[in-house]
Amino acid sequence: KQEVTQIPAALSVPEGENLVLNCSFTDSAIYNLQWFRQDPGKGLTSLLLIQSSQREQTSGRLNASLDKSSGRSTLYIAASQPGDSATYLCAVNFGNEKLTFGTGTRLTIIP
Amino acid sequence: DAGVTQSPTHLIKTRGQQVTLRCSPKSGHDTVSWYQQALGQGPQFIFQYYEEEERQRGNFPDRFSGHQFPNYSSELNVNALLLGDSALYLCASSLPLEEHTGELFFGEGSRLTVL
């Protein structure tokens, strides 16, 4: 069964710190992986998309890496800000044109 | 350039009723997918529409049905509502296959509460 896991479920860090969010998946034969941000009661905002042939993608203070052999992806956030507080979701396309999501990590940045 | 738009944003129904949710994809997108997100969970794939046909379906009962129109907009219908259908329903769109990067763009969702 193709599954995506995100640990921890919640994380609190002081403002200004760098942090890493983790995502693991059960099948290394992926098509791509996408990281999303979700604010309470809102929709999903796409942050980064990594194709299966890529090792990492960067956008501003965000960097996402992909290691298919170990079934892992990380989202690195540099110099965290209170506005980064949200739930971060990892989603994997296992090649069947649909996304399988983790349950997310709820991030709180403490001012 | 408008993103993915969904309506209504919130609605309340009672058990046994029927509901229709609507989605307009991002400009230039022709594929629409629907997801259900229960509170505290990740979204679950319901089905995907392309060229007005259901292309694939997740593990949802036949009470969940959909439609895609020639302008690529889509509807999600749920019949005989159950309390467990209470969730945020998300619509996502993507580019045509020849331009497709695999990236999905989501709307703000429709929050359904079943009493």
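Computed from a prediction, not measured in an experiment: that's the story for all the values here. Note that residues are indexed from 1 along each chain, following the sequence as it is written. Here every chain gets a letter starting at A, and every ligand a number starting at 1, in the order they are written. Reporting in this predicted model follows two pLDDT cut-offs: at least 70 for local features of residues, and 80 or more for side-chain atom pairs to be given and counted; totals over whole chains, interfaces and linings ignore these cut-offs and use all residues. To obtain the side-chain values, all non-hydrogen atoms of the structure were used and water was disregarded.

## A few points about the overall build of chain A
Along its length, chain A carries zero helices and eleven strands. The secondary structure elements of chain A, listed N-terminal to C-terminal, are β-β-β-β-β-β-β-β-β-β-β. Taken over C-alpha atoms, the radius of gyration comes to 13 Å for chain A, in line with the 13 Å a tight globule of 111 residues would show. Structurally, chain A occupies a C-alpha span of about 40 × 25 × 20 Å along its principal axes. With a 1.4 Å probe rolled over the protein chains alone, any residue whose accessible area is under 20% of its type maximum counts as buried; one over 50% counts as exposed, and the rest are partly exposed. Within chain A, the proportion of its 111 residues that are buried is 43%. By definition in these notes, contact holds between two residues if any of their heavy atoms fall within 4.5 Å. The long-range fraction of contacts in chain A, counting pairs at least 24 apart against all pairs at least 6 apart in sequence, stands at 54%. Shrake-Rupley sampling with a 1.4 Å probe provides the accessible areas, and residues are treated as covered by the protein chains on show and by no other component. Accessible surface computed for chain A: about 5,200 Å², of which carbon and sulfur atoms make up 47%. Across chain A, the centroid of the 9 positively charged side chains sits 4 Å from that of the 9 negatively charged ones. Helix and strand assignments follow DSSP, with helices taken as H or I runs no shorter than four residues and strands as E runs no shorter than two, numbered in order from the N terminus. Radius of gyration: over C-alpha atoms. The globule rule applied is 2.2 Å multiplied by the number of residues raised to the 0.38 power. As used throughout, the charge tally considers Lys and Arg to be positive and Asp and Glu to be negative, leaving His and the chain termini uncounted. Where a charge lies is defined by one atom per residue type: Lys uses NZ, Arg uses CZ, Asp uses CG and Glu uses CD.

## Concerning the overall build of chain B
The helix and strand tally for chain B stands at zero helices and eleven strands. The order of α-helices and β-strands along chain B, N terminus first, is β-β-β-β-β-β-β-β-β-β-β. A globule of 115 residues ought to have a C-alpha radius of gyration of about 13 Å, and chain B, at 13 Å, matches this closely. Considered along the principal axes of its C-alpha atoms, chain B spans approximately 45 × 25 × 25 Å.

## Observations concerning the packing of aromatic side chains
We call Phe, Tyr and Trp rings a pair once their centres come within 6.5 Å, taking the six-membered ring for Trp, and we label the pair stacked below 30 degrees between planes, edge-to-face above 60, and tilted otherwise. Tallied over the entire structure, the rule returns eight aromatic pairs over all chains. Here the aromatic rings of Y35 of chain B and F106 of chain B are separated by 5.5 Å at their centres, their planes lie at 55 degrees, and the arrangement is tilted. Of this pair, Y35 of chain B sits in strand β4 (residues 31-37) while F106 of chain B sits in strand β10 (residues 105-106), and the two are 71 residues apart along the sequence. Put simply, the rings of F36 and F101 of chain A together with Y35, F45 and F106 of chain B touch in pairs and so form one group of aromatic residues. The rule for a charge over a ring is simple: NZ of Lys or CZ of Arg within 6 Å of the ring centre, and within 35 degrees of the ring normal. The aromatic ring of F105 of chain B is capped on one face by K26 of chain B, whose charged end is 5.4 Å from the ring centroid. Stacked on the ring of Y50 of chain B, the Lys or Arg R55 of chain B has its end atom at 4.6 Å from the ring centre.

## Concerning the sheet that holds strand β1 (residues 4-5) of chain A
Residues and elements named next belong to chain A. A pair of strands is treated as paired once DSSP finds two or more bridges between them. Within the open sheet, the five strands sit side by side as β1-β3-β8-β7-β6. Their pairing is antiparallel. Lying at the two open borders of the sheet, with one neighbouring strand each, are β1 and β6 (56-59). In this sheet, strand β7 (residues 62-67) lies alongside β6 in antiparallel orientation, the contact comprising four bridges. In the sheet register, T58 faces β7, and the bridge partner there is N63.

No statement about biological role is implied by the geometric values presented.
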